[in-house]
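# Structural features, examined
Now for the letters of each chain:
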Amino acid sequence: MNNSELKKLFNSMTLSEKVGQMGQVTPDFFSNEGEITGPVAEMKLNSGELYSIGSILGTHKPEQVIDIQKKYLENNRLGIPLMFMADVIHGYETIFPIPLALASTFDTNLVKKVAQLSSKEAVGNGIHVTFSPMADLVRDPRWGRVLESNGEDPHLSSKLTQAYVEGYQGKSLLHKNTLASCVKHFLGYGSSEAGRDYNTVSVSDLELYQNHLPAFKAAIEAQVKLVMTSFNTVKGIPSSANKWLLGNVLRKELGFDGIIISDWGAIQELINHRIAEDSKEATRLAVEAGVDIDMMTSSYIKHLGDFIEDGEINIETINQAVWRILTLKNELGLFEDPYRGLMKLENLDQNLDNIRKELEPITRSVASDSLVLLKNEGILPIKTKSTKVGLIGPKAQTKDLLGAWSWIGDKSEVISIYEGLQEQFERLTLSTIDDTDSISKQDLVIVALGENSDESGEAASRSSIQLQQEQVELLKKVYEINQNVVVLLINGRPIDLTNIVNYCKAILECWFPGTSGGAAIADVLCGRVNPSAKLPMSFPASVGQIPIYYNYLSTGRPKNESNKDEKYISKYLDIANDPLYPFGFGLSFSNFECGKVEFSSGSLSKDAPIKITVTIKNLSNISGKTVVQLYIEDKIAEVARPVRELKGFTKVSVEPLGCEEVVFEITDKDLMYIHSNLKESADKGSFNVYIGFDSLAPKVGEFVLV
Ligand code: BGC
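Residues numbered from 1 in each chain as written. Predicted model: local features only at pLDDT ≥ 70, side-chain atom pairs only at ≥ 80, totals over all residues. Heavy atoms only, no water.

Before going further, it helps to examine the overall build of the protein. Across its full length, the protein holds 19 helices and 26 strands. Over its C-alpha atoms the protein spans a radius of gyration of 26 Å, differing by no more than 12% from the 27 Å that the globule rule assigns to 706 residues. The principal-axis extent of the C-alpha atoms belonging to the protein is close to 75 × 60 × 45 Å. Residues counted as buried form 60% of the 706 residues belonging to the protein. Counting contacts in the protein only where the partners sit at least 6 residues apart, residues at least 24 apart contribute 77% of the total. A total accessible area of about 27,200 Å² is found for the protein, and carbon and sulfur atoms account for 47% of it. (Helix = DSSP H or I, 4+ residues; strand = E, 2+ residues; numbered from the N terminus. Rg over C-alpha atoms; globule rule 2.2 N^0.38 Å. Buried < 20%, exposed > 50% of the residue type's maximum accessible area, 1.4 Å probe, protein only. Contact = heavy atoms within 4.5 Å. Areas by Shrake-Rupley, 256 points an atom, 1.4 Å probe, with all protein chains shown as cover.)

Our next topic: the packing of aromatic side chains. Enumeration according to the criterion identifies 20 aromatic pairs in this entry. Their ring planes at 15 degrees and their centres at 5.4 Å tell us that F687 and F703 sit as a pair that is stacked. Pair noted here: F687 is in strand β25 (residues 685-692) and F703 is in strand β26 (residues 699-705), with a separation of 16 residues, a long-range link. Exposure remark for F687: the relative accessible area of 2% places this residue in the buried category. For F703, a relative accessible area of 1% puts it in the buried group. Against the face of W244 rests K235, its NZ or CZ located 3.8 Å from the ring centre. Over the aromatic face of Y631 sits the side chain of R644, whose NZ or CZ is 5.9 Å from the ring centroid. (Phe/Tyr/Trp six-rings, centres within 6.5 Å; stacked < 30°, edge-to-face > 60°. Lys NZ or Arg CZ within 6 Å of the ring centre and 35° of its normal.)

Let us now look at the sheet that holds strand β13 (residues 427-430). Pairing is mixed in the open sheet, where 6 strands are placed in the order β11-β16-β15-β14-β12-β13. Each end of this open sheet is capped by a strand with a single partner; those strands are β11 (372-376) and β13. For this sheet, the mean angle separating the axes of adjacent strands, direction not counted, is 20 degrees. Strands β12 (388-392), β13, β14 (444-450) and β15 (485-490) of the sheet are contacted by helix α16 (residues 417-424), whose axis makes an angle of about 160 degrees with β13. Strand contacts of helix α18 (residues 469-481): β12, β14 and β15, with the helix running at about 175 degrees to β14, the strand carrying the most contacts. (Pairing = 2+ DSSP bridges. Axes fitted to C-alpha atoms, helices over the stretch in contact; angles between N-to-C directions.)

The environment of the ligand is formed by 13 residues, the closest being D87, R145, K184, H185 and D263. One of the side-chain nitrogen or oxygen atoms of D87 is found 2.4 Å away from an oxygen atom of the ligand. Between R145 and the ligand, the recorded distance is 2.7 Å, taken from a side-chain N or O atom to an oxygen atom. About the coverage of the ligand: the protein hides 92% of its 310 Å² of free accessible area. (Near = heavy atom within 4 Å. Polar contact = N/O pair within 3.5 Å; in protein donor to acceptor, adjacent residues only side chain to side chain.)

One can describe the packing of helix α12 (residues 279-289) onto helix α13 (residues 299-309) by two numbers: an axis separation of 9 Å at closest approach and a directional angle of 80 degrees. Of the possible angle classes, the one that applies to α12 and α13 is roughly perpendicular. For the pair α12 and α13, the contacting residues are S279, K280, T283, R284, A286 and V287 in the first and S299, Y300, H303, L304 and F307 in the second. Here the residues of the contact of α12 with α13 sort into 5 nonpolar, 4 polar and 2 charged. (Parallel < 35°, antiparallel > 145°, perpendicular 65-115°, else oblique. Nonpolar A, V, L, I, M, F, W, Y, C, P; charged D, E, K, R; others polar.)

What follows is about the state of the cysteines. Under the defined criterion, the tally for this structure stands at 0 disulfides. Left unpaired, C526 is separated from the closest cysteine sulfur, that of C510, by 13 Å. Unpaired in terms of disulfides, C594 finds its nearest cysteine sulfur in C659, a separation of 12 Å. Residue C594 is classed as partly exposed on the basis of its relative accessible area of 25%. (Disulfide = S-S within 2.5 Å.)

Right, let's talk about the domain arrangement of the protein for a bit. The assigned domain composition of the protein is domain 1 (3-344), domain 2 (362-544) and domain 3 (587-705). Each partner contributes residues to the interface: domain 1 has 44 residues there, and domain 2 has 42 residues. Between domain 1 and domain 2 the total buried area reaches about 3,300 Å² when both faces are included, carbon and sulfur atoms providing 66% of it. By the criterion of area lost to domain 2, the three top residues of domain 1 are I95, P141 and R142, representing 18% of everything that side buries. With a shortest N-O distance of 3.6 Å, E458 and R145 are connected by a salt bridge. Linking domain 1 to domain 2 there are 19 residue pairs in polar contact (both at pLDDT 80 or more). At the level of secondary structure, the elements contributing two or more residues to the side of domain 1 that touches domain 2 comprise α6 (99-104) and α7 (108-124). Top element by residues in the side of domain 1 that touches domain 2 is α6. It accounts for 5 residues. Looking at the side of domain 1 that touches domain 2, its residues break down into 23 nonpolar, 11 polar and 10 charged. (Domains from an automatic or database assignment. Buried area = accessible area lost by both parts, 1.4 Å probe. Salt bridge = Lys/Arg side-chain N within 4 Å of Asp/Glu carboxyl O.)

For helix α14 (residues 315-331), built from 17 residues, the straight-helix expectation of 24 Å at 1.5 Å per residue is met to within 8% by its first-to-last C-alpha distance of 24 Å. Those residues of α14 not exposed but buried are I318, N319, A321, V322, R324, I325, L326, L328, K329 and N330. For α14, the side-chain oxygen to backbone nitrogen distance between the N-cap and E316 is 2.9 Å, and the N-cap itself is N314. Note on α14: the residue one or two positions beyond its end, G333, has a positive phi of about 75 degrees. (Expected span 1.5 Å × (residues − 1).)

Our next topic: the sheet that holds strand β9 (residues 259-261). Taken in spatial order, the 8 strands of this open sheet run β9-β6-β5-β4-β3-β2-β1-β10, and their pairing is parallel. Of all strands in the sheet, those bounded by a partner on one side alone are β9 and β10 (294-295). As paired strands, strand β2 (residues 55-57) and strand β3 (residues 83-86) are joined by 3 bridges and run parallel to one another. What sits directly across from L57, in β3, is M85.

Turning our attention to the pattern of salt bridges. Side chains bearing opposite charge may pair, as long as their charged atoms lie close to each other. Within the structure shown, the criterion is met by 36 salt bridges. In this structure, E93 and R356 form a salt bridge, with 3.0 Å as the shortest nitrogen-oxygen distance. With a gap of 263 residues between them, E93 in the loop between β3 and α6 and R356 in helix α15 (residues 348-369) connect regions that are remote in the sequence. The network of salt bridges with shared partners includes K243, E281, R284 and E288.

Structure, rendered in structure tokens:
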């Protein structure tokens, strides 16, 4: 539809039709024929209201989408099609590793590819919009939703967020297999106090601008179509009612002109936050703050019309919201084809089968690229097929490898660790702890430990981030019998591994690896795949260190080698300040070294960036990939600055005994930071540069910004 046709349609809408577009419900609202019962009755929607609703969230099958759309269009006066949204977070039915695992790849191309493939399957199921990516900055592994994040670093998260948006949306939403992307949760949700989900957030403006905003900014620059508000308060006001946050920051400063959607039920929750007395007041606050779509409450539908008729809210506010919604429907091509190609397919199931067949092998290679080798005392890889391998532990045979937000994922399709290992090892024994004799006779024993999928994700916060005591006991018993132990970890958050790290020779962090998880794990164990992933979050040495992150601010009393025994410095009495495993860390079967580093100049200016070239050597006989990381330290600034910040990363493949050059370009933009007036700029002065394979990389030089 061209713009003037869309305008004409818009101008012919009644007030209640416009208000309807701003509501969103689940598909079960359309499943009651005849008598109105169930959710429709609970929300007290009449059929006029139901058939004016703008969008649906969470359908399961293409047939369901077709049915609802058909029924809806038969009843909607102007024939404005519904938009179908869903949480396609790490795949739809075929499940890729969780986002935190994908972040471990430090590979933007791979993440983009995963987003493209997830779109393809979701589109085949009738979905138009995904509630992904989650760009929340996270520093507290007690919060279960770290699983959905890109980790603790704003630079890494920005690059990955951009990759997701580009992957989902492609070049145009009119192209086949594209989804509109909704970045979430705006803003600060990752800083829920004490890691408890939905809890208060209290961060400074400087912190919000410096660390929480960049990934959202990256999404907006990549033309993301929707932004979801967060459940938490920002400066005391819940995001869904926060005029400053949505109006000033999101619309004016970041220039976002797409749709703002509330999180599930968040408008109604303004009552629990005790800033609204009832849902009418909640409606007024949310719409005045700028929320365009009310997800899963009837607040807008029930009250917006009255506000307009009483002249309390300007119709222009609603007009703008509805125009944005119609514009997205038009960009998706829904006015021309409300089924977005589904009706033209001869066989919907066959189409989905073909997609699944295409995706499954890719889930295996993506998963193996996301496994982080945390420890290896020469025990991995297991080179010969005939090695006697024992397998034990609660995760040995489980199909629970998909993790949270895989609501359509089919568990029965999952390759368990046992099944994966069977493919690679001829002499594999599934052991139990009573079988002391068998455990002692194995060349090595793999102990598979970790979380269940409902132990991380939304509403899955934990005060302890250690493994369950029974799992620790099991490991210790195995280790007493046979010290050649390899630990596999299945989990959605950084775990405190201090009580297990000394009872094994190797640890492989497998996260929730998805549909082909077991096969991918076996690929790494047997050396078919050389691990290359790196931690996107620090692994604490104790829950008492949380929040913990590598890019902490300089303090007035920093701890260092020379003062570490003094009393009045920033430290703990009982433990070190350092995490057990730092951000960016992950081992390989190869042995990499940073060789010569060359700076194209000792100074850079606005018009003249510098290039830093580093030679990466592979000193081993095994070809491998690694992530070369560049960190910068701003020596003197107007506000306290991080001790170092990631400013560049490159995944590089190096042949056995070979070397590769990696070039980083640093521009003045990379040196910008938020000043006390909340404006971003770079200050002249000198900067230290660190390059290596994790966030403890050594200093390689310095330069000056002139
Ligand atoms: C979550 C969102 C999600 C939405 C819809 C909420 O509970 O916070 O991230 O997109 O539900 O399922």
